[in-house]
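Now for the letters of each chain:
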Amino acid sequence: MLTTDNAIANSGTFALGHRTVHRMGYGAMQLAGPHVFGPPKDREGAIAVLREAIALGIDHIDTSDFYGPHHTNRMIRDALAPYPTDLTLVTKLGARRDDEGAWLPAMEPQELIDAVQSNCDNLGVERIEIANLRLMFGEGDAGPMPGDVRPLLEPLIALKERGRIGALGISNALPEQVETARSMTEIVCVQNMYNLANRSDDDLIDHLAGEGIAYVPFFPLGGFNSLQSDTLGSVAQGLEATPLQVALAWLLQRSPNILLIPGTSSVEHLRQNVAATNLQLPDEASAALDAIAG
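Summarised in this report is the structure supplied together with it. (Residues numbered from 1 in each chain as written. Predicted model: local features only at pLDDT ≥ 70, side-chain atom pairs only at ≥ 80, totals over all residues. Heavy atoms only, no water.)

**Some points on the overall build of the protein**
Part 1 of the reasoning: Along the protein, the regular secondary structure elements total eleven helices and eleven strands.
Part 2 of the reasoning: Relative to the globule expectation of 19 Å for 294 residues, the C-alpha radius of gyration of the protein, 18 Å, shows essentially globular dimensions.
Part 3 of the reasoning: For the C-alpha atoms alone, the extent of the protein along its principal axes is close to 50 × 40 × 35 Å.
Part 4 of the reasoning: Among the 294 residues that make up the protein, the fraction classed as buried is 53%. (Helix = DSSP H or I, 4+ residues; strand = E, 2+ residues; numbered from the N terminus. Rg over C-alpha atoms; globule rule 2.2 N^0.38 Å. Buried < 20%, exposed > 50% of the residue type's maximum accessible area, 1.4 Å probe, protein only.)

As structure tokens, this is what we get:
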């Protein structure tokens, strides 16, 4: 049985811009209502998850004001403010929700400026420590798509120069968009979908690792087919762990610049996720997992 003993420390640390964080963090997306829209069914339970994350030693929380919208950031403020000095809050800009909960682009300069203010207001902070520009090119959010990031970054760079943003990252981005962004300003993290079964960013991760830039994967179990899920389940059973724990342990092993932000609205699931940092994958398990992407 995996435990949380020394788990956060065992995950190691990596630079996240001007901060250093443990590699196991927490993603607050699931704290909102169904489909990340509206208030949670159990607000006190959501607040308990946030407080347990801090108690376990997590010092990196990923959020956004379009979760809810607004509900998740307000819960973070109510649960954790005044914030621990070692806590790094990372938010995302570039999307909005309509009255039905659809995800829509919000990448016009004034929309991005307003989003920074909204995040500050609802989190109860004077500035955003790290803001990820979430690219929403194309219809809805179909994954990374071509598009010019330069006019989107310009107002954010101006806010960074004024001290309203501490550092910038980019999310849902193609490698060429990452490089364009890096030619304009320091980019401290890239947040894309990546997991055992979806490894199109392999080269990007290795390149960023060489540059000392964090890579933050989301959807650690997203997009698996039934055969891939069966393989993962079999490995997990042999290690007396859950499939998600194995998937998280594999990501930690994949590259030292990977920072994890698994989300949950359950204290028990949070503890299970954190305990994954104590899981050592033997060579035969790693080989079986590596073959999933093939």
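**Here's the deal with the sheet that holds strand β3 (residues 26–27)**
Part 1 of the reasoning: Spatially, β3-β4-β5-β8-β9-β10-β11 is the arrangement adopted by the seven strands of the open sheet, whose pairing is parallel. Each having just a single partner strand, β3 and β11 (214–218) make up the two edges of the open sheet.
Part 2 of the reasoning: Note that strand β5 (residues 88–93) and strand β8 (residues 128–134) share four bridges and pair parallel. By the bridge assignment, lysine 92 is partnered in β8 with asparagine 132. (Pairing = 2+ DSSP bridges.)

**Section: the pairing of β5**
One face of the sheet, then the other: side chains in a regular strand alternate in exactly this way.
Part 1 of the reasoning: Along β5, six of the six residues are buried, which leaves the element largely enclosed by surrounding structure.
Part 2 of the reasoning: On β5, burial covers both faces: Thr88, Val90 and Lys92 on one face and Leu89, Thr91 and Leu93 on the other are all buried.
Part 3 of the reasoning: Relative to β5, strand β4 (residues 60–62) is paired through three bridges, and the arrangement is parallel. In the strand pairing of β5, aspartate 62 is matched with valine 90.
Part 4 of the reasoning: After leaving β4, the chain enters helix α3 (residues 71–80) and then returns to the sheet as β5, a path that is right-handed. (Right-handed = clockwise from strand over helix to strand, strands pointing away.)

**Focus: the packing of aromatic side chains**
Part 1 of the reasoning: Applying the stated rule across the entire model yields five aromatic pairs.
Part 2 of the reasoning: Summarising the aromatic geometry, the rings of phenylalanine 66 and tryptophan 103 are spaced 5.7 Å apart at their centres and angled 85 degrees between planes, so their arrangement reads as edge-to-face. Separated by 37 residues along the polypeptide, phenylalanine 66 in the loop between β4 and α3 and tryptophan 103 in strand β7 (residues 103–105) bring together distant segments of the chain.
Part 3 of the reasoning: Under the relative-accessibility criterion, tryptophan 103 is labelled partly exposed at 29%.
Part 4 of the reasoning: Cluster of aromatic residues (ring-pair linked, three or more members): Phe66, Tyr67 and Trp103.
Part 5 of the reasoning: Taking NZ or CZ as reference, arginine 97 lies 3.7 Å from the ring centre of tryptophan 103, over its face. (Phe/Tyr/Trp six-rings, centres within 6.5 Å; stacked < 30°, edge-to-face > 60°. Lys NZ or Arg CZ within 6 Å of the ring centre and 35° of its normal.)

**Points about the layout of surface pockets**
Part 1 of the reasoning: Approximately 870 Å³ is the volume found for the largest pocket.
Part 2 of the reasoning: For the largest pocket, the lining is made up of 41 residues, of which Met29, Arg134, Phe218, Phe219 and Pro220 are closest to its centre.
Part 3 of the reasoning: Of all the secondary-structure elements, those providing two or more residues to the lining of the largest pocket are β10 (187–193), β11, α9 (243–254) and α10 (267–275).
Part 4 of the reasoning: Residue classes in the lining of the largest pocket are distributed as 21 nonpolar, 15 polar and five charged.
Part 5 of the reasoning: Surrounding the second largest pocket, 17 residues form its lining, Phe66, His70, Ala95, Arg96 and Ala115 being those nearest its centre. (1 Å grid on protein atoms, 1.4 Å probe; cavity = no way out; pocket = protein on both sides within 12 Å on 5 of 7 lines; lining within 4 Å. Points joined across faces, edges and corners; volume = space filled by probe spheres on them. Nonpolar A, V, L, I, M, F, W, Y, C, P; charged D, E, K, R; others polar.)

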